[in-house]
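Analysis of the macromolecular model
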Amino acid sequence: MVLRLNLSKLWRHVVVIVIGTIMIYPVLWMISSSFKPNAEIFSDMGLWPDSFTLSNYVNGWRGIQGYSFGHFLINSFIIAALAVIGNVISCSLAAFAFARLNFTGQKFWFSMMLMTLMLPFQVTLIPQYILFHTFGWVNTFLPLVVPKFFALDAFFVLLMVQFIRGLPMELDESARIDGCGSWQIYSRIIMPLCVPAVITTSIFTFYWTWDDFFGQMIYLNSPKLFTVMIGLRSLIDSTSTSNWGSLMAMSTVAVAPVIVIFLIFQRYIVEGISTTGLK
Amino acid sequence: MDSVTGVATQTIVKPKRRRALKRNLTGYLFLLPWLIGFFCMAIGPILASLYLSFTNYNMLKAPAWIGMQNFTEMFTGDATFTHSLKLTFQYVFLSVPLRLVFALAVAIILNKGLKLLGLYRTVYYIPSLLGGSVAIAVVWKKIFSGDGLFNRFLEIFHINAPDWVANPSYIIYSIVALSVWQFGSSMVIFLAGLKQIPGEIYEAAAVDGVSRTRQFLRITLPLLSPVILFNLVMNMISSFQVFTSGYIIGDGHGGPIDSTMFYSLYLYLKGFSYFNMGYASAMAWVMLVIIGIFTAIVFASSKYWVYYGDGKDERS
């Protein structure tokens, strides 16, 4: 460390570290509690387990009604993966149309898209449910996945529009001179250059789908289709209150993919929020 | 780009029209998935829920038109509705300002060029990433329970605290705390905004002997005000819709004693437990109007406090 730390700088470090510890402590405590016997979770504030046990994971993993947490994890991954594919394809198509093409009514549709950006989901909730109900889609993954193929997450359309607008127009022009059509410009030129925006879209779609509780709770009723979050919710009901250990263990399992993805793609995430937040 | 083709096509009318047609066709083909989604899953349902809000509908029989009855019931005969509205306002007015103040304060400290900025930013951001999930709400419920981590921590200072989760008068504070804990995403946006303020302004101010406090009030706040506006609107809209935290930390039915009966939860219970879809739709529209009004108020007020760098602002 630098020897000549001036006092205000030191003070700032102290503040940042203290708040940071408070911020991260609940997460660390959750992880450590998942390795503690039940009695110790209640008596011990510290992070290091006195007696280390894996039984919380073994108990929690059993899941509910014969379906293990592994099963719920697979369900969550299936839904999230399909949602990511849907959002990347549909949002990039719409974004390309808004950012690069030129057609009658473009501005109008763009403002409509911006309007949906701030719409609370409750306003569409009930008619959507009725619609999917008449399709016979309730208690399947379809209501959670199909909307993603129709670019309904306006946030990502906007993110990609901004990214594509930042790419030099000369690329398109020279491609057109070389005889490329719009589809080729989209698939061969714009999309390969959009990789950062695609990664940001994928990560956030994954997070939102993974953490989604409301939609999954409404549409998934049978334990066979349960996701991690719904499984966790059912675990609260089915376990006695004294069995917090397995809840902590399965909560840790539930957030693990989120943390791992964050640590790998940190740069894209932080840039994604900063840029979309500002422009 | 269009000027070259424009001159050429002025004389030849037919190819121009054909080209315009082809251009429109391409545009709408690319836009097709979004258009279908917009009509079938956004604007269509919005209008449908407006219609349903004037009906009595339980999904078994066809919707029966009852005029304004859902709305009059809401505001005159439904104490739970009024309560849920009040509770949600309380949540919004507590959590949004606290969250923004924390986000701004920490962003300003971090922006002073600390070493390990990346690490700190990560630590502060992780809660926003996890905070919305059921998993963290479960952990939160444990931490703020009577014998939980938080009260054990207070015991060190000999503070005798209540059960923050079982006690109906205090549970909202543990839910607000969970929201404030997630200030990281707003903080990252503030940090990006702070980076755009040129350092020379501060240097010039320091040369002129302007104090730190005045620098903050007269330079940082005005130049950051568009970002504050953005964060305020976004946080407000999402806070009005609070659901998961209350559902998990409470008992999922609004309890204990309706202390977690937030607006979204009551709407959900009306629609999906009592299958009163008409009433739930009416509630959704009331929510849309409330959020709309508040957003409009914030935007209208913004001309008095948001500085867009056009040189017209005279207050600073």
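Parameters at a glance
- Residues numbered from 1 in each chain as written.
- Chains lettered and ligands numbered in written order.
- Predicted model: local features only at pLDDT ≥ 70, side-chain atom pairs only at ≥ 80, totals over all residues.
- Helix = DSSP H or I, 4+ residues; strand = E, 2+ residues; numbered from the N terminus.
- Rg over C-alpha atoms; globule rule 2.2 N^0.38 Å.
- Buried ≥ 20, exposed ≤ 12 C-beta atoms within 10 Å, placed from the backbone.
- Contact = placed C-beta atoms within 7 Å.
- Domains from an automatic or database assignment.
- pLDDT = per-residue confidence, 0-100.
- Core = buried A, V, L, I, M, F, W, Y, C linked by C-beta atoms within 7 Å.
- Nonpolar A, V, L, I, M, F, W, Y, C, P; charged D, E, K, R; others polar.
- Axes fitted to C-alpha atoms, helices over the stretch in contact; angles between N-to-C directions.
- Parallel < 35°, antiparallel > 145°, perpendicular 65-115°, else oblique.
- Left-handed = near helix turned anticlockwise from the far one by under 90°.

We now examine the overall build of chain B. A tally of helices and strands in chain B yields 14 helices and 2 strands. In summary, chain B has a C-alpha radius of gyration of 26 Å against a globular reference of 20 Å for 316 residues, an excess of more than 25%. Taking the principal axes of the C-alpha coordinates as reference, chain B spans close to 90 × 75 × 35 Å. Here chain B holds 316 residues, and the buried ones make up 39% of them. In chain B, of all internal contacts separated by at least 6 residues, the share reaching a separation of at least 24 is 69%.

Looking only at helices and strands, one finds 14 helices and 0 strands in chain A. Secondary structure of chain A in N-to-C order comes out as α-α-α-α-α-α-α-α-α-α-α-α-α-α. In terms of overall size, chain A is more extended than a compact globule, its C-alpha atoms giving a radius of gyration of 23 Å where 279 residues would be expected to give roughly 19 Å. Long-range contacts, defined here as pairs at least 24 residues apart, represent 73% of the contacts in chain A between residues at least 6 apart.

Before going further, it helps to examine the domain arrangement of chain B. Taken as a whole, chain B is organised into domain 1 (2-52) and domain 2 (74-305). Taken over C-alpha atoms, the centre of domain 1 of chain B sits 40 Å from the centre of domain 2 of chain B.

So, about the confidence of the model for chain B. When pLDDT is low, close inspection of the predicted coordinates is not appropriate. Residues and elements named next belong to chain B. The predicted model of chain B averages 85 in pLDDT, with 92% of residues at 70 or higher. Across residues 1-9 the pLDDT falls below 50, and counting only partners more than four positions away or on other chains, this stretch makes 3 contacts in the model. Contacts from residues 311-316, a stretch scored under 50 in pLDDT, to residues over four places away or in other chains number 4 contacts. Overall fold confidence (pTM) sits at 0.86, and the ipTM for the predicted complex is 0.85.

What follows deals with the nonpolar core. Ranked by size, the top nonpolar core spans 115 residues in total, and within it A:Leu232, B:Ala103, B:Met187, B:Phe190 and B:Ala284 carry the most contacts. Among the elements that take part in this core, helix α4 (residues 79-110) of chain B stands out by supplying 13 residues, more than any other. Residues within four places of A:Leu232 in sequence aside, it is in contact with A:Met250, A:Ser251, A:Ala254, B:Val134, B:Ala135 and B:Val138. Listed in part, the 34 residues of the second largest apolar core include A:Ala97, A:Leu101, A:Leu159 and A:Val198.

The next thing to look at is the interface of chain B and chain A. A common measure of how large an interface is: the accessible area buried when the components associate. Of the residues lining the interface, 72 residues belong to chain B; the matching set on chain A comes to 67 residues. At 19 residues, helix α2 (residues 13-52) of chain B tops the list of elements feeding residues into the side of chain B that touches chain A. Grouping the constituent residues of the side of chain B that touches chain A by class yields 51 nonpolar, 15 polar and 6 charged.

Right, let's get into unusual backbone geometry. All names here are of chain B. Located in the positive-phi region is Ile257, a residue other than glycine, with phi close to 45°. Along the polypeptide, Ile257 turns up in the loop between α12 (244-249) and α13 (263-272). Residues other than glycine seldom take positive phi values, yet Asp258 does so here, at roughly 60°. Among the structural elements, Asp258 can be located in the loop between α12 and α13.

Right, let's talk about the environment of B:Tyr274 for a bit. Along the chain, B:Tyr274 turns up in the loop between α13 and α14 (277-305). As a C-alpha pair, B:Tyr274 and B:Asn58 span 216 residues in sequence and 8.3 Å in three-dimensional space.

Residues and elements named next belong to chain B. Contact geometry of α13 with α14 gives a least axis separation of 7 Å together with a crossing angle of 160°. By the angle class used here, α13 and α14 are roughly antiparallel. Seen from above, α13 lies across α14 with left-handed handedness. Here α13 contributes Tyr263, Leu267, Lys270 and Gly271 to the contact with α14, which in turn contributes Met277, Tyr279, Ala280, Met283, Ala284 and Met287.

Residue and element names in this part refer to chain B. As for its placement among the helices and strands, Asn70 is situated in helix α3 (residues 69-77). As a C-alpha pair, Asn70 and Asn56 span 14 residues in sequence and 8.1 Å in three-dimensional space. Aside from chain neighbours lying at most four places away, what touches Asn70 is Ser53, Gly278, Tyr279 and Ala282.

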